[in-house]
Amino acid sequence: NTVITCSSAGYINRSTDGGLTWVETQPNIGTSNSWNWYGVLYNPDLSQWLLWNNHGNIIYSSNDGASWAAGLTTNTQSNIIFQIIWSGSQYVAAARGGSYTSSNGTSWAGKHGFGANVAYNHSVAYNGTTYVMSYEDSSNSLWQILSSTDGSTWTSRRSGAYGSDAHIGGHV
């Protein structure tokens, strides 16, 4: 019955009764950067919540949001985390200029880079065998599509169209 929301003002809202009542908190995990939250994900396999922000930080909770701990702390906007998915065996985070991976949400490997011209990686999807990620090529403002079988080593697959955002979805 727990529901977690997060905001660009740095607040986390938690309900333990399916959204009837709410408690607002701010995590105290020792950083001076604002916690401009970009997303929230619940992983039922690990009974774990993840939140990520615009300074490359990921926090996690294993007690339904009662407390939070730092999973990845880069504290720089050059590592903005845009999206995180769970594949059933690992998390893959789409970040500016690369990806991060984690099997448990508490420790992260990366940054697995894509090259010098990567501006933004906005989306990542997984279909059971292949990860797919979109990113903006800063040399020509075209959106590119990458694929990976492990979430770490990426191969360019297609050059996309112009636009301010590109998002990917998929299913098994």
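Coordinates for the structure precede this section.
Okay, so let's go over this structure. This one's a predicted model, so the numbers in the text were calculated from it and none came from an experiment.

Structural notes on the overall build of the protein chain
When helices and strands are counted, the protein chain shows zero helices and 15 strands. Taken across its 172 residues, the protein chain has 44% of its residues classed as buried. Considering only residue pairs separated by 6 or more positions, the protein chain has 35% of its internal contacts joining residues 24 or more positions apart. Accessible area for the protein chain stands at about 8,100 Å²; split by element, carbon and sulfur atoms hold 45% of it.

Some remarks on the packing of aromatic side chains
Applying the stated rule across the entire model yields five aromatic pairs. Plain terms: the ring middles of Tyr42 and Trp49 are 4.8 Å apart, the flat faces sit at 50 degrees to each other, and that makes the pair tilted. Relative to Trp108, the ring of Tyr91 lies with its centre 5.8 Å away and its plane at 35 degrees, an arrangement referred to as tilted. With Tyr91 in strand 9 (residues 91-95) and Trp108 in the loop between strand 10 (98-102) and strand 11 (109-113), the pair connects residues that are 17 residues apart, well separated along the chain. The two residues Tyr91 and Trp108 agree in class, both being buried.

Some points on the nonpolar core
The biggest cluster of nonpolar side chains holds twelve residues, and these are Leu50, Trp52, Ile58, Tyr60, Leu72, Ile81, Ile84, Tyr91, Ala93, Ala95, Tyr100 and Trp108. When residues of this core are assigned to their parent elements, the largest contribution, three residues, is made by strand 9. Excluding anything up to four places from it in sequence, Leu50 contacts Gly39, Val40, Leu41, Ile58, Ile59, Tyr60, Ile84, Tyr91, Gly105 and Trp108. Residues Val124, Tyr131, Met133 and Tyr135 belong to the second largest nonpolar core, which totals nine residues.

Some words on unusual backbone geometry
The phi angle at Ser47 is positive, at roughly 50 degrees, despite the residue not being glycine. With respect to the helices and strands, the residue Ser47 is situated in the loop between strand 4 (37-43) and strand 5 (48-53).

With respect to the environment of Ala9
Here Ala9 lies in the loop between strand 1 (3-6) and strand 2 (12-15). Note on Ala9: relative accessible area 53%, which makes it exposed. Note: C-alpha distance between Ala9 and Trp37 (28 residues apart in sequence) is 7.6 Å.

Description of the pairing of strand 13 (residues 131-137)
Strand 13 sits mainly inside the fold: six of its seven residues count as buried. Pairing of strand 13 with strand 14 (residues 142-148) involves seven bridges; the strand directions are antiparallel. Note on strand 14: the bridge partner recorded for Val132 is Ser147. Here strand 13 folds back onto strand 14 in antiparallel fashion, the turn holding four residues, of which Ser141 has a positive phi close to 60 degrees.

Some remarks on the sheet that holds strand 11
Read across the sheet, four strands follow the order 8-9-10-11 without closing on themselves; strand pairing throughout is antiparallel. Two strands close off the open sheet at either side, each with one partner strand: strand 8 (81-86) and strand 11. Looking at each pair of strands side by side, their axes are set apart by 20 degrees on average, direction ignored. When strand 10 meets strand 11, the two strands line up antiparallel, connected through four bridges.

Focus: the sheet that holds strand 1
If you walk across this open sheet you meet the three strands as 1-2-3, and the pairing is antiparallel. Whereas interior strands pair on both sides, the edge strands pair on one side only; in this sheet they are strand 1 and strand 3 (23-25). Direction aside, neighbouring strands of the sheet carry axes that sit 20 degrees apart on average. As paired elements, strand 1 and strand 2 share four bridges and run antiparallel to each other. Opposite Thr5, over in strand 2, you have Asn13 as the bridge partner.

Definitions and limits used
Residue numbering note: each chain is counted from 1, following its sequence as written. Predicted model: local features are reported for residues with pLDDT of at least 70 only, side-chain atom pairs are reported and counted for 80 or more only, and whole-chain, interface and lining totals are derived from all residues. Hydrogens and water are ignored here; the side-chain numbers use all heavy atoms of the structure. Secondary structure elements follow DSSP: runs of H or I of four or more residues count as helices, runs of E of two or more count as strands, with numbering from the N terminus. The classification of residues rests on relative accessible area computed with a 1.4 Å probe and restricted to protein chains. Under 20% of the type maximum is buried, over 50% is exposed, and intermediate values are partly exposed. Working rule for contacts: check all heavy atoms of both residues, and any pair within 4.5 Å makes them a contact. Only the protein chains shown count as covering a residue, and every accessible area follows the Shrake-Rupley method with a 1.4 Å probe. Stacked, tilted and edge-to-face are the three classes assigned to paired rings of Phe, Tyr and Trp, where Trp is represented by its six-membered ring and a pair needs centres within 6.5 Å; plane angles under 30 degrees give stacked, over 60 edge-to-face, the rest tilted. Nonpolar cores are built from buried Ala, Val, Leu, Ile, Met, Phe, Trp, Tyr and Cys residues. Side-chain atoms within 4.5 Å join them into one set. Strand pairing is assigned whenever DSSP identifies at least 2 bridges connecting the two strands. Axis angles are defined between N-to-C directions and span 0 to 180 degrees, where every axis is a line fitted to C-alpha atoms and, for a helix, only to the segment in contact.

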